[in-house]
Amino acid sequence: MSKRAIVFGAYGFIGAASCRKLQALGYTVVGVGRAKLTKDQLGLFSEWHSFDLAKTTESELANIVTGADVVVNAAGALQDGTKDDLNAIHVGFVERLIRAIGAQNTRIVQVSAAGASTDADTAFLQTKSIGDTLLLKCATNAIVLRPTLVLGPQAYGGTALMRALAAFPLVGPKVFASTPIQIVHVDEVADAIVSAAQGAGGTGIYDITSAETESFDNLVTKVRAWQGFQTWRYRVPVPQVAMTCTGIIADGLGWLGWRSPMRTTALKVLHKGVSGDASKWLEVTGQSFSGLDGCLKKIPATTQERFFARLYLFLPMTIAILGWFWMLSGLIGMARFTEAVQVLTDRDVPKGFACLAVGVGSVVDLALGMAIFVRRWCRTASLGMGLTSLVYMLGALIFAPDLWADPIGPMLKVLPVFVLSMMPFWFLEER
């Protein structure tokens, strides 16, 4: 009979890699996470449970972990926001998990973060440390692994930001030039998790990282070369005040549901550096880890890699431009209501219908422009913008066909607006 492994945060970057490794070794893998997966996405798991881990009860957890041989906790969040409560995820959930497991001799592998400490300057690292300490104090068969910056084929969070910076066109932004960063490949982290699940390391806290240290700037430069882009001719240092303002803006967007890697917590961590010492793990298990060069060799850069890196920069700009464009369109329609109505009445459209069309159109434009800034509504608003553009083009064709031949081309300009409006709907994904 195969062993049973429960993986919390199973659809995440490290969680999914761990599931693949455990499944390859014959474990029956049960995934738990916030996402609701489709049948095709369930290939890694024999079971899938969709929960907001910050709100799960002890009884719900007990139903999942009863009889488990291994529990891997790869769940985590970077910063408080509408979707995330750091204390609830990193501390409260761990506390309930320990109680749910109770007297079972279940092996618990906690995936934490390098640098976690109650003295850290971010709530992310502080709460991670509190959860780690709580686990080792209260659970009888637990281990904590703390990886540094994790690199893999999937781009998410800090590694997505790194790829995007490396793909920046024409001029290279220079940020955190001398910050020390240590890298580890996601598959090697998963190997360490599997080893820990099988009992390696006993109890305690272990850093999981390569021994090599790169400056963040050198890291970005190497990633750019790996992507296949030409070396920048010019580099422009980004002032700290610009990074601070970026973090504040990203924090604000976080309360609208956007989990930007440019939030204050991420910038503080990168500014301080990400490092660890894996000698203790090497001594116990003999497992060493690849540095940046070794990691990049394991991930061939393809056209898809370059396309993603460019799109990662372009998509936020697209959303911002669309939001302001549609909001201003609605506000201008309201402010110049009479003139807008006259455009239709001059073409023999009944005044009542013209007033209704302009009024409804202005409200719809304003609502869509505001909605696209909210993460959960973004794709819906994008689709709404595309459909509204089609309605405007059809309406002009019926009621004001001469506008299509206007020398300024007001209706012709709706065509690229339609394409741009559909971009977030086509390309925006959670992961």
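Before any of the text, the structure's been laid out above.
Here goes a summary of the coordinates provided. (Residues numbered from 1 in each chain as written. Predicted model: local features only at pLDDT ≥ 70, side-chain atom pairs only at ≥ 80, totals over all residues. Heavy atoms only, no water.)

Glancing now at the overall build of the protein. Scanning the protein from N- to C-terminus turns up 16 helices and 13 strands. Once the C-alpha set of the protein is aligned to its principal axes, its extents read approximately 85 × 55 × 40 Å. By residue count, 49% of the 431 residues in the protein fall in the buried class. Sequence separation of 24 or more characterises 76% of the internal contacts of the protein that already satisfy a separation of 6 or more. (Helix = DSSP H or I, 4+ residues; strand = E, 2+ residues; numbered from the N terminus. Buried < 20%, exposed > 50% of the residue type's maximum accessible area, 1.4 Å probe, protein only. Contact = heavy atoms within 4.5 Å.)

Spatial strand order, β3-β2-β1-β4-β5-β6-β11: seven strands in an open sheet with parallel pairing. Strands at the two margins of the open sheet, each flanked by one partner only, are β3 (47-50) and β11 (204-208). On average, adjacent strands in this sheet sit at an angle of 20° to one another, irrespective of strand direction. Relative to β11, strand β6 (residues 142-147) is paired through five bridges, and the arrangement is parallel. Considered in β11, the bridge of Ile-143 is made with Gly-204. Along the sheet, helix α1 (residues 13-24) contacts β1 (4-8), β2 (28-33), β4 (70-73), β5 (107-111) and β6; its crossing angle with β1, the most-contacted strand, is approximately 170°. (Pairing = 2+ DSSP bridges. Axes fitted to C-alpha atoms, helices over the stretch in contact; angles between N-to-C directions.)

Attention now goes to helix α16 (residues 414-427). Along its 14 residues, α16 runs 20 Å from first to last C-alpha, staying within 8% of the 20 Å computed at 1.5 Å per residue. Among the residues of α16, those classed as buried are Val-414, Val-417, Ser-421, Met-422, Met-423 and Pro-424. (Expected span 1.5 Å × (residues − 1).)

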